[in-house]
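Reading the structure
So the chains spell out like this:
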Number of protein chains: 4
Amino acid sequence: MTVRTGNKRSGRIKLGMVGGGEGSFIGAVHRFAARMDDQYELVAGALASDAARAQSSGKALGLAPERIYDNFVSMAQAEAARPDGIEAVAIVTPNHMHVPVAQAFIEAGIHVICDKPLALDMKQARQLEKQLARRKDVIFALTHNYSGYPMIRQARAMVAAGELGDIRVVQGEYPQDWLTTDVERSGQKQAQWRADPARAGAGGCIGDIGTHAYQLMCFVSGLQPKELSADLASFVKGRVLDDNAHVMLRFDNGAKGMLWASQVAPGHENGLQIRIYGSKGGLQWRQEEPNHLWFTPYGEPKRLLTRGGAGASAAANRLTRIPSGHPEGYLEGFANIYSEVAAAIIAARKHRRPDRQVTFPSIADGIAGMSFIQACVKSSAGNGRWTKL
Amino acid sequence: MTVRTGNKRSGRIKLGMVGGGEGSFIGAVHRFAARMDDQYELVAGALASDAARAQSSGKALGLAPERIYDNFVSMAQAEAARPDGIEAVAIVTPNHMHVPVAQAFIEAGIHVICDKPLALDMKQARQLEKQLARRKDVIFALTHNYSGYPMIRQARAMVAAGELGDIRVVQGEYPQDWLTTDVERSGQKQAQWRADPARAGAGGCIGDIGTHAYQLMCFVSGLQPKELSADLASFVKGRVLDDNAHVMLRFDNGAKGMLWASQVAPGHENGLQIRIYGSKGGLQWRQEEPNHLWFTPYGEPKRLLTRGGAGASAAANRLTRIPSGHPEGYLEGFANIYSEVAAAIIAARKHRRPDRQVTFPSIADGIAGMSFIQACVKSSAGNGRWTKL
Amino acid sequence: MTVRTGNKRSGRIKLGMVGGGEGSFIGAVHRFAARMDDQYELVAGALASDAARAQSSGKALGLAPERIYDNFVSMAQAEAARPDGIEAVAIVTPNHMHVPVAQAFIEAGIHVICDKPLALDMKQARQLEKQLARRKDVIFALTHNYSGYPMIRQARAMVAAGELGDIRVVQGEYPQDWLTTDVERSGQKQAQWRADPARAGAGGCIGDIGTHAYQLMCFVSGLQPKELSADLASFVKGRVLDDNAHVMLRFDNGAKGMLWASQVAPGHENGLQIRIYGSKGGLQWRQEEPNHLWFTPYGEPKRLLTRGGAGASAAANRLTRIPSGHPEGYLEGFANIYSEVAAAIIAARKHRRPDRQVTFPSIADGIAGMSFIQACVKSSAGNGRWTKL
Amino acid sequence: MTVRTGNKRSGRIKLGMVGGGEGSFIGAVHRFAARMDDQYELVAGALASDAARAQSSGKALGLAPERIYDNFVSMAQAEAARPDGIEAVAIVTPNHMHVPVAQAFIEAGIHVICDKPLALDMKQARQLEKQLARRKDVIFALTHNYSGYPMIRQARAMVAAGELGDIRVVQGEYPQDWLTTDVERSGQKQAQWRADPARAGAGGCIGDIGTHAYQLMCFVSGLQPKELSADLASFVKGRVLDDNAHVMLRFDNGAKGMLWASQVAPGHENGLQIRIYGSKGGLQWRQEEPNHLWFTPYGEPKRLLTRGGAGASAAANRLTRIPSGHPEGYLEGFANIYSEVAAAIIAARKHRRPDRQVTFPSIADGIAGMSFIQACVKSSAGNGRWTKL
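For every chain, the first residue of its written sequence is number 1, and the numbers climb from 1 along that sequence. Here the convention is simple: chains get letters from A, ligands get numbers from 1, in the order in which they are written. Given that this is a predicted model, residues contribute local features only at a pLDDT of at least 70 and side-chain atom pairs are listed and counted only at 80 or more, while totals for whole chains, interfaces and linings are drawn from all residues.

**Overview of the overall build of chain A**
Here is the rule we go by: Note on conventions: DSSP H or I runs of at least 4 residues are helices, E runs of at least 2 residues are strands, and numbering of each starts at the N terminus. Each radius of gyration is computed over the set of C-alpha atoms, and the globule rule expresses the reference value as 2.2 Å times the number of residues to the power 0.38. Buried residues are those with 20 or more other C-beta atoms within 10 Å of their own C-beta, exposed residues have 12 or fewer, and partly exposed residues lie in between; C-beta atoms are placed from the backbone. Note that contacts rest on C-beta atoms placed from the backbone: two residues are in contact if these are within 7 Å.
Within chain A, the secondary structure is distributed over twelve helices and 14 strands. The globule rule puts the C-alpha radius of gyration for 389 residues at 21 Å, and the 21 Å found for chain A is close to it. Across its three principal axes, chain A shows a C-alpha extent of roughly 65 × 50 × 40 Å. For chain A, the proportion of its 389 residues judged to be buried stands at 63%. Excluding contacts between residues fewer than 6 apart, the proportion of contacts in chain A whose partners are at least 24 apart in sequence is 71%.

**As for the relation of the copies chain D and chain A**
Heads up, the rule is: Least squares is used to superpose the copies, and the fit set is the C-alpha atoms of residues whose pLDDT is at least 70 in both copies.
Superposing chain D onto chain A requires a rotation of 180 degrees together with a translation of 0.0 Å along the rotation axis, leaving an RMSD of 0.0 Å. Both chain copies can therefore be described as sitting about a two-fold axis. A share of 97% of interface residues in chain D that are also interface residues in chain A marks the association as one of identical surfaces.

**Some details on the domain arrangement of chain A**
Accessible area lost on assembly of the parts is the figure often given for the size of an interface. Residues and elements named next belong to chain A. Heads up, the condition is: The source of the domain bounds is an automatic or database domain assignment. Gly falls in the polar group here, along with every residue not listed as nonpolar (Ala, Val, Leu, Ile, Met, Phe, Trp, Tyr, Cys, Pro) or charged (Asp, Glu, Lys, Arg).
Looking at the assigned domains, one finds that chain A contains domain 1 (13-146 + 338-358) and domain 2 (150-289 + 291-320 + 367-388). Between the C-alpha centres of domain 1 and domain 2 the distance comes to 26 Å. The interface of domain 1 with domain 2 comprises 17 residues on the first partner and 22 residues on the second. Along the lines of polarity and charge, the residues of the side of domain 1 that touches domain 2 split into nine nonpolar, five polar and three charged.

**Regarding the sheet that holds strand S2 (residues 40-46) of chain D**
Backbone hydrogen bonds are what pair the strands of a sheet, in a parallel or an antiparallel way. Residue and element names in this part refer to chain D. Cut-off, in case you're wondering: Between any two strands, pairing holds if DSSP finds at least two bridges. Each axis is a line fitted through C-alpha atoms, taken for helices only over the stretch in contact, and angles between the N-to-C directions span 0 to 180 degrees.
The five strands lie next to each other as S2-S1-S3-S4-S5, forming an open sheet whose pairing is parallel. In the strand order of this sheet, the two ends are held by S2 and strand S5 (140-142), each with one partner. Across the sheet, the axes of successive neighbouring strands diverge by a mean angle of 20 degrees, strand direction being ignored. The sheet contact formed by strand S3 (residues 88-92) and strand S4 (residues 111-114) spans four bridges and is parallel. Bridge pairing in S4 links Val89 to Val112.

**With respect to the relation of the copies chain B and chain A**
Each copy superposes on the other: chain B lies on chain A with an RMSD of 0.0 Å after a rotation of 180 degrees and an axial shift of 0.0 Å. Same-surface contact between copies: 100% of interface residues of chain B are shared with the interface of chain A.

**Digging into the pairing of strand S6 (residues 167-175) of chain B**
All names here are of chain B. Summarising burial for S6: nine of the nine residues are buried, a large majority. As defined by bridge partners, S6 adjoins strand S10 (residues 273-278) across six bridges and the pair is classed as antiparallel. Counted as the bridge partner of Val169 is Tyr277 from S10. In this structure, S6 lies alongside strand S9 (residues 256-262), joined through seven bridges in parallel fashion.

**A word on the interface of chain B and chain A**
If you look at the interface, chain B gives 24 residues, while chain A gives 24 residues. Elements represented by at least two residues in the side of chain B that touches chain A include exactly helix H1 (26-36) and helix H11 (330-349) of chain B. Of the residues belonging to the side of chain B that touches chain A, the class tally is nine nonpolar, eight polar and seven charged.

**So, the interface of chain D and chain A**
At the interface, 33 residues of chain D touch 32 residues of chain A. Broken down by secondary-structure element, the contributors of at least two residues to the side of chain D that touches chain A are strand S6 (167-175), strand S7 (225-233), strand S8 (244-251), strand S9 (256-262), strand S11 (281-286) and strand S12 (292-297) of chain D. No other element matches the four residues that S9 of chain D contributes to the side of chain D that touches chain A. Its residues placed into classes, the side of chain D that touches chain A shows 14 nonpolar, 14 polar and five charged.

Here it is as structure tokens:
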């Protein structure tokens, strides 16, 4: 089947969604993100694995009845067959379903926007990678949404431009507190599947949020990690997967790093932070205050750079909607990924590549993330042995 | 003409826009806000006073050609006549046009969402007030958007519940720096009309942003201001309207307050802040960090309340989309006003009132704001004489 | 009687103290400050008005029995008569005693370091001023200690050097919360005399802390205030003096300012803050984070200047003891005043003037403070009438 | 020789100092700390290894000529022989001299206050430990000064009282930036000896500041570290000792930790920070804002506890001099160690033990620190092998 995009398409991108039905957090987030810049229109969905919930969820979103599907296979087929079928699909299921769903839509020539981590395991991830290598006409984006924040883009551009000199140290952290107690056994849906290896994969906290921090550390530093040493822990009794991860990293240029991810750190809501230090200066960014970026050139006064403000660079301004001091937040950062994908899809309609500054995370980030999870689990099982990435 | 809403309407609210064409800041903001929660659909517009710009702006937004209007009068008539005509209009023109435009649409039975300040002067404001008194079937909302932030709602609810005791002191401030130099003479469109009394009204900074701070001080404290003493200044040479305002306030319960608004305060981007103190505790909120609210009960440790986090109240949670630590920003706060208006419009379709917790700013806030501007100008002209509100 | 200093003196300065006995807060602070840089030695005291407390307080401080005095008159005489008598005295009594005590020691040729505000009323203040005009050999310092913080010195130097351009707006505030309830009636000694006009003078909060903010606004801006409009309030039932003060200010260069002082603002411990804005940039400093100074040049990234760090100027470095990142606090700032006075005393021993950068507050600051209190009280009594300073 | 303290002593403690001459940073700090609470009097010193500098340094401090010594051996002997000889000595030399000097004074029955780290190597450390086991009459204190901050004491007390539940995660970090370039080769004295293994020992940054973070992690958590995995680096060309250290830790109760110490992290002045998380809550403290302690009980609003403020505990209040909002800083924290040692010395005069809440760091902390350095170096040399402590 040929790709569903082509020069016959125009206007807003027709979008489908798999997963994300009632009670889902991330499904709603994807819909906000798709809507933000008015480039997508949600028209179809297989929103839950349970048929009744799939129906009620689709109805609640105002989908046309014939485009509310009970399963993703029939959805892929039916949508591919429609002249007005979806051009892209958002996959927001638990981790184990990401790849099977993606494969079905890729096969149908439909672009994919997939939540992270990429897959249940590396085997799945590699299958998808192969398929995408065959289907270069299909766009695949992974929503490592934090890389969509404008000041993260600026940080990356500053590092690339050498403003920090040679990078020496990269510190990432991502503490949360919502799994401090065993909420997975008290019926909290979000917690349930994340605590289940059959649905979440081999990584708990390291997969759910550690991969975000890792992706950001690589994305901003532009460095290639070489090996890591990990110490994973499950502090809550009865929990199988890790809820706290300590990781030391070595990069190919000789830089070193640390990564701490935790879901049992009371007081932290969504404390993703990245700090990067080179021979000439440092940068610090915290997700909970995303419009700010600290730049500390060695030997000069510390500078607070603000989204849209003095000192904001072109890399940040590209993704900036409103003036400085008017905070943009998580949904706007997430939407930046969607908008970059939209730019790619629209370019693809004319068989072109998008503006080269479009840098949404893709299969490579997904493979890297799976490799990170796998290495962490292996290193930790080997008592912290340094493990190649 | 009867109101355009009624039980025949369903689905998303069809929205028109007057003003907000290319180069407008606030027009785009209104569109983001309308789109956020998927309750509106922009279908018509008279987006600029200049016909060519009105056309190109409408085209850029993907409006149907026949619903791109050159002026608001023909738009009000034509839309009112269409079976699928707009149910609501957003007015995002310079201040002097707010009332004439609003009157045309109200007359046509179309709900109005209007930017602030309400009017060019009190005379205009009173005319509109009278018209609305006649047309109780039409909903009128004024986008004092900052009152839409969840933690502002929580602050208001806490004060109302007596958690601060008797309110004694209310400190508001709104410093910016974008008019530090005479940008209005360098072709900056936003600055031009704001610096022109014929389009902005008698207040410069006091009207543009002082009214926001004032509205918030009243909204959160629940107090009725009684009189004020103002000292307005124009620091930039050649500027006619004030660019800095110092105001002292007295409230009817004996509380006192201060308000500082400035557009010549280098380092401030959009520094709206409110602090309120009672016999039992204090609250502090800053717009640039809107997900946080400091609560300082007297004699107890200071508490940082976070949107979506522990300590967040029902009043905040009603307007919360995503979990704590995932920052919501300016657009989300603005969108809360649109969503509350949507709730009111949908209720109105069935001739009902919305949930009583829907508290978007309305004509009363508009009149209060105009009264504030007028009193500031008068007091300042009278060398700070205490002037009734 | 000639001055007690002269070229026969050497080594550490022998210091006496009046007031500051057991239970005093500020007496202990003065002793810490005098000790900090090892330039003073406390050898005599009339530490309390009550003889028994004077004795026990002196003993507790290890004073020689013959140098523990029951009253300041005999202390001034006896110390002046001793060959090893004190060279300077610290006055830390309630306000109404500052001038009588100072007069006795000045008459005896002993240098005076006096707590603020200067006097009970302007009459007292003017008498002291006259006496000092006659006794130019005696050094008189007023402990407006906040002007001793290094980053305040830097702020002042930056303004003087024109780094902010023409000053337009000066915002000062000093909120505290310790008088939120009527602690003066629950036996709190500090509160008792401050609430009593016979001992505190005509200003409550405006005299106790408002004068500090005012002194700092003038010290940093280098501007001369011309007139003010004040609205004083006493929120706690039964309190005679003001516990909250709102003041608008006009300076002789056309700049405008606001000052808020409050002792009924729950959540504020010692929230002195100064912000100053000119045509080219802004500065912000908060007493509770005294090692930091924000400098916001218009159109450039915001800069955080740190004591001892990159960007710290000579004016700050003169008063810096330890490296950046090792916080200096309130006692160190206070001690800077003592050390500057020591430099003046040591210079005076050789009939010289100290280094011209020594800028401790003196009688002029004291007169200015009394004038400020008087103008605030008068303006407020006149319903906020603009009152000359 | 018997101990120099006994019931014949009274009044302020006579103090000597070894090292700390002109150009020393830490010598001056010890003198400030000793002076702060007026419990010590500096009367003797061997302030530099160079005789001329020893003389000029002693003179500058106003020491009596006969008590300015050229070397510590003669100083220990001479002071022990004087009836008014020193009761305690402060050792502020480079690391390799700590133990030899301490041994001489301990042998002479003189109490020792020694800078950290304890020794050049573990061999030296063990020798000192043995000597102290014999001379139980001599007090030995190690100036891990950061444990003297009031809010650190409160944190420790809160953990001990179970307010955090079972401790799970302990995160320590101590970034600085002053060795970002090779300042040791540009004549910076502080940097020179710290970069020289013969004087600093086997640890660079890990010894100089890593030990501080480590001591604090243990002090606050009350946990016993079991093993660690370290990755040390020297980023600056030509530097022999580490300038960046990444360490993972395991504690005997199953808790895990991370420690990052760096002297090549541009933007960090003295960024010591400790965060600790248990099953019931978290704590966070930053040295650069030492009067604040964040307490985040799980499921409750975050609380900011302030020194001297509401929520400050007895453990903090014991070491608090001035009210909340009046910041105490580094020197005050350091002085708390001196004052606790003074309490012990004064108790020892009467052959008593001090108040059991006196908890200054001692030989045990010193041994632990040396063990930490040794384990870090060994683990890092073994490619991060988990190494017992």
